[in-house]
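Fold and geometry: a report
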2 protein chains.
Amino acid sequence: MIESDGPVPPYLQLVEILAERIERGDWQPNRPIPSELQLVQEFGIARGTVRRAVAVLRERGLVFTVPQRGTFVAPSSAASTE
Amino acid sequence: MIESDGPVPPYLQLVEILAERIERGDWQPNRPIPSELQLVQEFGIARGTVRRAVAVLRERGLVFTVPQRGTFVAPSSAASTE
DNA sequence: TTCGATTTGTCCGTATGTATC
DNA sequence: AGATACATACGGACAAATCGA
């Protein structure tokens, strides 16, 4: 999944993967994305890498993080399923 | 009713629900609100969560608690009085 | 008085998540 | 990569006080 020795930094690869999932609607608005630990296990990367990727998603406005609660898909980040 | 994995902590969701009921006059001043156990059963959450929510209502001055008696709507929390 | 039911008060341990170092 | 801290939530257990039968 994530290429550790390629030209693209792992955290940026993860950004693209997660962004695609969000835009595809895999996770609904105001619903939590997988926890940092789950992403660490799924992609076999370090937690710091996950956090860096999530920070980018946050800057892009795709997600928002509530301390001690989790990271959630931004309300305006997905196509309407309704 | 209460979303356990949403951005807003369950105890804060309960605060808003109970505050609305009080301000709407569902429970009269100096009358007891449902017991902790009843709220636990109604909302399907843990007692600790209920207690935390009630503590917030107490801080807001909406209710007052008498040990071993119950929690009551504060005298100045509703409109209809005689 | 004794008993049981009710209600708040308190403490324990476990789990999850993010925050920080 | 690991350790610690903090906030939240759950479940259980017990105490203390109140009330009524």
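Residues numbered from 1 in each chain as written. Chains lettered and ligands numbered in written order. Predicted model: local features only at pLDDT ≥ 70, side-chain atom pairs only at ≥ 80, totals over all residues. Heavy atoms only, no water.

- The name given to chain A in an unreviewed UniProt entry is HTH gntR-type domain-containing protein, with the source organism recorded as Paractinoplanes rishiriensis.

1. A few points about the interface of chain A and chain B
- Listed per partner, the contact involves seven residues of chain A and eight residues of chain B.
- Both faces considered, chain A and chain B share a buried interface measuring about 530 Å² in area, 45% of it formed by carbon and sulfur atoms.
- The largest per-residue losses of area from chain A upon contact with chain B belong to Arg31, Arg69 and Phe72 of chain A, which jointly make up 72% of the total buried on that side.
- Across the salt bridge formed by Glu3 of chain B and Arg31 of chain A, the nearest N and O atoms sit 2.7 Å from each other.
- The residue makeup of the side of chain A that touches chain B, split by class, is four nonpolar, one polar and two charged. (Contact = heavy atoms within 4.5 Å. Buried area = accessible area lost by both parts, 1.4 Å probe. Salt bridge = Lys/Arg side-chain N within 4 Å of Asp/Glu carboxyl O. Nonpolar A, V, L, I, M, F, W, Y, C, P; charged D, E, K, R; others polar.)

2. Section: the confidence of the model for chain A
- On average, residues of chain A carry a pLDDT of 89, and 93% of them reach 70 or more.
- Of all secondary-structure elements in chain A, the lowest mean pLDDT belongs to helix 2 (residues 36–43) of chain A, at 91, while strand 2 (residues 70–73) of chain A reaches the highest, 94. (pLDDT = per-residue confidence, 0-100. Helix = DSSP H or I, 4+ residues; strand = E, 2+ residues; numbered from the N terminus.)

3. Comments concerning the packing of aromatic side chains
Residue and element names in this part refer to chain A.
- Enumeration according to the criterion identifies two aromatic pairs over all chains in this entry.
- Ring centres 5.6 Å apart and planes at 25° place the aromatic pair Phe64 and Phe72 in the stacked group.
- In this structure Phe64 comes out as partly exposed when scored by relative accessible area, which is 25%.
- Phe72 sits in the buried class, given a relative accessible area of 1%.
- Geometry around Tyr11 places Arg52 over its ring, the cationic atom sitting 5.3 Å from the centre. (Phe/Tyr/Trp six-rings, centres within 6.5 Å; stacked < 30°, edge-to-face > 60°. Buried < 20%, exposed > 50% of the residue type's maximum accessible area, 1.4 Å probe, protein only. Lys NZ or Arg CZ within 6 Å of the ring centre and 35° of its normal.)

4. A closer look at the protein's contact with DNA strand C
- Residues in contact with DNA strand C amount to 19 residues; listed here are only the nearest, Glu36 and Gln68 of chain A together with Glu36, Arg47 and Gln68 of chain B.
- Here, DNA strand C places atoms within 4 Å of the protein, and 56% of those atoms are sugar or phosphate.
- In this structure, a base oxygen belonging to DNA strand C sits 3.1 Å away from a side-chain N or O atom of Gln68 of chain A.
- Between a phosphate oxygen of DNA strand C and a main-chain N or O atom of Glu36 of chain B, the distance comes to 3.0 Å.
- Split by residue class, the surface near DNA strand C holds three nonpolar, ten polar and six charged. (Near = heavy atom within 4 Å. Polar contact = N/O pair within 3.5 Å; in protein donor to acceptor, adjacent residues only side chain to side chain.)

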